[in-house]
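# Summary of structural features
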Amino acid sequence: MAISRRTFLGSLGATIGVTTTGALTKAYGAANKHFKGYPESSGVLHDVTLCIGCRKCEKACNTVNGLPQPETPFEDLNILDKKRRTQAYEYTVVNQFQAKEAKEKVFVKKQCNHCLEPACASACFVKALKKTPAGPVVYDADLCVGCRYCMVACPFEIPAYEYDKVLTPRVTKCTMCAPRLKEGKLPGCVEACPREALIFGKRESLLKIARARIQKYPEKYVDHVYGEHEMGGTSWLYLSGQPFATIGMREDLGTTSAPELTSGPLSAVPIVVGLWPVLLTGVYAISKRKDKIAEEEKNEAVKAARVQSNEEMNQKIEKLREKMTKEKTAAINFEVKKALEDSEEKGKQEE
Amino acid sequence: MDLDNQIPENKKFSLFNMVTGIILAGGLVLTILRFTMGLGTVTNLDNNNPWGIWIGFDLLCGVALAAGGYVTSAACYIFGLKRFHSAVRPAILTAFLGYALVVLALHYDVGRPWRLPYPIFFSQGTSSLLFEVGLCVFLYLTVLLIEFSPAAMEWLGLKKLRNIIVKVTLLLTILGVILSTLHQSSLGALFMIVPSKLHPLWYSSYLPVYFFISSIFAGMSMVIFEGSLAHRYLKYKMDETHLKESSGVALGFAKAASLLMMGYICIKIIGLSIDNNWHYLTTGWGLWFLFELVGFVLFPAILYAVGSREKNLMFIRLASIWTVLGIVLNRLNISVVAFNFHLPAAQRYCPSFMEIATSVFIVTLGIVIYRFIVTRMPIFHEHADYKTH
């Protein structure tokens, strides 16, 4: 195959371009750049006002995921009287609420919301949980250590654990039917919903549909798409006729994504690693120097004391010497005088 | 006189041996249960409460109370407080055993313990604070092992190797401080991901700072507390230097801890003000918060201050136990009591008997190993061949 100069240069340029932008994207990923989710990623819109609480989605979920049959059959709707959460072998549950204003009961389906920046994935220390560009947050049981920090971290209280398994416990949760999506099928629950209370599609178009419905029926819907911004946004979106807090969905989660919540302490790592060795070596050097100075001062003091005492001694000796010299001179003078006097006296006597 | 290997004549069925023997046997049964029946049988953990006292007590308290190692060695080797020298070895030993037991306890808690090396060697989840904790604990345990090894080598007579390791003491100490700063604070930062689950009085962006500062006075208090126990039961192993310096260590740490605890209260108040959480203080949670902060930080801090001013060792020892209890209370409040505060009482966690028994077993195991080592190796005294004085 002949490659023209132009093609070659072009592909070379493209390679360089891709490499550089790739590197740049990585660098930006490390910083706190605002992430709006993967483009073209899929999600599900749950219009709560359409849900009739038939539990067909629960049944479908159970079937497509090959989960064990529950004690209460899916046709038994009495279970709706009890508020439930997702369990190890129930990836989705429908709850019933009696909203104050509405006469009718409201049903809400609960499952993993597939956050755009999932708390579970950011908390996982082995990358067993991952947000895929296609939308689903998926789990790799082959990596999982079973620390359950993902369950602690999830603000929606979704991941469950196989506490009953001894050697191979897994974290379980809705996968948005990632394997089925790959085959071009719909998620089990969406396919089973008889009322189209669940719509699968690209998140962007689901948001448009949701907004359009709110605009068209402002009296029917609360003017909020739950999941658009909650915890940085989720792939699963909700429309409701009742305030979300009254149908078991927390409104106090905020819009900060989980990775942002922990980015502060994580960014302190290089500061500690960089600063401590320098500071501590400095402290060590200072304390050594202090010891040295103290030692020197001690030596000097000893020396000074010695010099002083020497001087004092010398002075004393000098004084003594002077005294002795004086006494000596006095004694000599006295002797001389005495001798002179003696000789004078002798002379007088001889005369 | 050589104090090594001088083990007192001990009755095989002394009270100590009886009690620890029963606990260890019970622990063995629990271990078998845990690894044959699974977490569901042994613990009260559930999907809403994935972390219980094996994390709240064994991990969080274990790591905080093992902080004496880096605090004492930093005081002695970096800050040049040479009079703390005789306290370094007992502190390093406690820290080493503490961390080793933390890692042991994690084997009970995680679902597949044989995969614990995964985050370090196989698949690094660098965005997780737990990864930071795991990596630092792994590295620090290694550092502690090396820091402790000279004592074992003196005992075994490995003179050359011992002398090489002693030469890098400063390097190891600095490494220890870096790693401790990182993981002590990260243990607090673990909970920064759950502003919606942890009660606002305990949730704060200062959590890493709180955990780090409190680990320092936790470590000091443990050194004092342990010292008083050792004085009571292991005095015959102590040489003159140790006996002479020990009250100085207690007085010095008491004063430092008192100041640190006052500072800790100040930053707690700053945190309270920044998040404007004052109104919660009048609620039941507020009372519990004040019970912890005033009852278990301020009061022992005052007792420490009085004790160090009056040079009253009784006060200081009492304050050290009080502070240790306060640390336990704080860590349990964050991981268990104030965690999931929004859930109805029926869905809250309360540890099972077997969970508590397992924690007791692990602490007992620590005490037994500690006793084994200090009665044989030069911990409370200097080895005859390596005297510095």
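See above for the structure.
This section reports on the structure supplied with the text.

Our next topic: the overall build of chain B. Secondary structure summary: chain B contains 14 helices and zero strands in total. Counting from the amino terminus, chain B carries its helices and strands in the arrangement α-α-α-α-α-α-α-α-α-α-α-α-α-α. For a compact globule of 389 residues, the expected C-alpha radius of gyration is about 21 Å, and chain B comes in at 21 Å, within 12% of that figure. When the backbone C-alpha atoms are referred to their principal axes, chain B occupies close to 65 × 55 × 45 Å. Buried positions account for 58% of the 389 residues belonging to chain B. When contacts within chain B are restricted to residue pairs at least 6 apart in sequence, long-range pairs at least 24 apart make up 80% of them. For chain B, the exposed surface amounts to about 16300 Å²; the carbon and sulfur share of it is 72%. The distance from the centre of the 27 positive side-chain charges to the centre of the 19 negative ones in chain B is 2 Å.

Residues and elements named next belong to chain B. The topology assignment puts Thr 358 in helix 14 (residues 353–374). Accessibility expressed as a relative area gives 2% for Thr 358, which makes it buried. For Thr 358, the contacting residues outside a window of four places in its chain are Leu 30, Trp 54 and Tyr 108.

Glancing now at the pairing of strand 2 (residues 93–97) of chain A. Residue and element names in this part refer to chain A. Along strand 2, four of the five residues are buried, which leaves the element largely enclosed by surrounding structure. Pairing of strand 2 with strand 3 (residues 106–110), which is carried by five bridges, proceeds in the antiparallel orientation. Paired with Asn 95 across the two strands is Val 108, which belongs to strand 3.

The next thing to look at is the nonpolar core. Counting residues in each nonpolar core, the largest one holds 178 residues, and the members touching the most others are A:Tyr149, B:Phe148, B:Phe191 and B:Leu198. Here this core takes 14 residues from helix 5 (residues 85–109) of chain B, the largest share from any one element. Apart from the residues within four sequence positions on either side, A:Tyr149 is in contact with A:Ala123, B:Trp51, B:Ser128, B:Leu130, B:Leu190 and B:Ile193.

Residue and element names in this part refer to chain A. The tally for this structure, following the rule as stated, stands at 17 salt bridges over all chains. Glu 90 is the partner of Arg 84 in a salt bridge, and the nearest nitrogen-oxygen pair spans 3.9 Å. When its relative accessible area of 9% is taken as the criterion, Arg 84 is described as buried. Here Glu 162 and Arg 170 are joined by a salt bridge, their closest N and O atoms 2.8 Å apart. Here Arg 170 falls in the partly exposed class, since its relative accessible area comes to 32%. What you see here is one network of salt bridges that share partners, running through Arg 55, Glu 58, Arg 84 and Glu 90.

The next thing to look at is the interface of chain A and chain B. Of the residues lining the interface, 56 residues belong to chain A; the matching set on chain B comes to 60 residues. With both chains or domains summed, chain A and chain B bury close to 4800 Å², and 62% of this area falls on carbon and sulfur atoms. In this assembly, chain A and chain B are joined by two salt bridges. The residue A:Arg148 makes a salt bridge to B:Asp109 at a minimum N-O spacing of 3.1 Å. Taken together, the links from chain A to chain B amount to 31 residue pairs in polar contact (both at pLDDT 80 or more). If one sorts the elements of the side of chain A that touches chain B by residue count, helix 8 (residues 258–350) of chain A sits on top with 16 residues.

Time to look at the sheet that holds strand 8 (residues 198–202) of chain A. Residue and element names in this part refer to chain A. Across the sheet, three strands lie side by side as 8-1-9; this open sheet has mixed pairing. In this open sheet, the two strands that pair with only one neighbour each are strand 8 and strand 9 (236–239). Put simply, the sheet's adjacent strands are angled 25° from each other on average, direction ignored. Two elements, strand 1 (residues 42–47) and strand 8, share five bridges in a ladder whose sense is antiparallel. Residue pairing for strand 8: Leu 45 is matched across the bridge by Ile 199. Lying on the sheet, helix 7 (residues 203–216) is in contact with strand 1, strand 8 and strand 9; it crosses strand 8 at an angle near 130°.

Further remarks concern a negative patch on the surface. A cluster of acidic side chains, namely A:Glu295, A:Glu296, A:Glu297 and A:Glu300, defines a negative patch on the protein surface. Tracing the backbone through its elements, the reader meets A:Glu297 in helix 8.

Residue and element names in this part refer to chain B. Taking 1.5 Å per residue, 23 residues should reach 33 Å; helix 1 (residues 15–37) reaches 33 Å between its end C-alpha atoms and fits that length. Every buried residue of helix 1 is listed here: Thr 20, Gly 27, Leu 30, Thr 31 and Arg 34. Of the residues one or two after helix 1, Gly 38 is the one with positive phi, at around 95°.

Let us look at the packing of aromatic side chains. Applying the stated criterion across every chain yields a total of 22 aromatic pairs over all chains. Ring centres of B:Trp202 and B:Trp285 lie 6.0 Å apart, and the angle between their planes is 80°; on these two criteria the pair is classed as edge-to-face. Here B:Trp202, found in the loop between helix 9 (169–189) and helix 10 (207–233), pairs with B:Trp285, found in helix 12 (residues 284–310); they are 83 residues apart in sequence, far enough to count as distant. Residue B:Trp285 is classed as partly exposed on the basis of its relative accessible area, which comes to 24%. Here A:Arg148 stacks its cationic end above the ring of A:Tyr161, 5.4 Å away from the centre of that ring. Over the face of the ring belonging to B:Phe16 we find B:Arg371, whose NZ or CZ atom lies 4.1 Å from the ring centre.

All names here are of chain A. The buried count for strand 1 comes to six of six residues, which makes it a mostly enclosed element. Neither face of strand 1 is left uncovered, since the one carrying Ser 42, Val 44 and His 46 and the one carrying Gly 43, Leu 45 and Asp 47 both have all their residues buried. Pairing of strand 1 with strand 9 involves four bridges; the strand directions are parallel. Within strand 9, the position partnered with Asp 47 by the bridge is Leu 239.

All names here are of chain B. Positionally, Lys 159 belongs in helix 8 (residues 159–167). Given a relative accessible area of 42%, Lys 159 falls into the partly exposed group. Spatially, the C-alpha atoms of Lys 159 and Tyr 386 are 9.4 Å apart, while their sequence positions differ by 227 residues. Dropping the residues within four chain positions of it, Lys 159 is found in contact with Asp 385 and Tyr 386.

Scoring rules and cut-offs
- Residues numbered from 1 in each chain as written.
- Chains lettered and ligands numbered in written order.
- Predicted model: local features only at pLDDT ≥ 70, side-chain atom pairs only at ≥ 80, totals over all residues.
- Heavy atoms only, no water.
- Helix = DSSP H or I, 4+ residues; strand = E, 2+ residues; numbered from the N terminus.
- Rg over C-alpha atoms; globule rule 2.2 N^0.38 Å.
- Buried < 20%, exposed > 50% of the residue type's maximum accessible area, 1.4 Å probe, protein only.
- Contact = heavy atoms within 4.5 Å.
- Areas by Shrake-Rupley, 256 points an atom, 1.4 Å probe, with all protein chains shown as cover.
- Lys, Arg positive; Asp, Glu negative; His and termini not counted.
- Charge placed at Lys NZ, Arg CZ, Asp CG, Glu CD.
- Pairing = 2+ DSSP bridges.
- Core = buried A, V, L, I, M, F, W, Y, C linked by side-chain atoms within 4.5 Å.
- Salt bridge = Lys/Arg side-chain N within 4 Å of Asp/Glu carboxyl O.
- Buried area = accessible area lost by both parts, 1.4 Å probe.
- Polar contact = N/O pair within 3.5 Å; in protein donor to acceptor, adjacent residues only side chain to side chain.
- Axes fitted to C-alpha atoms, helices over the stretch in contact; angles between N-to-C directions.
- Patch = residues over 30% accessible without salt bridge, like charges linked within 9 Å, V, L, I, M, F, W, Y side chains within 5 Å.
- Expected span 1.5 Å × (residues − 1).
- Phe/Tyr/Trp six-rings, centres within 6.5 Å; stacked < 30°, edge-to-face > 60°.
- Lys NZ or Arg CZ within 6 Å of the ring centre and 35° of its normal.

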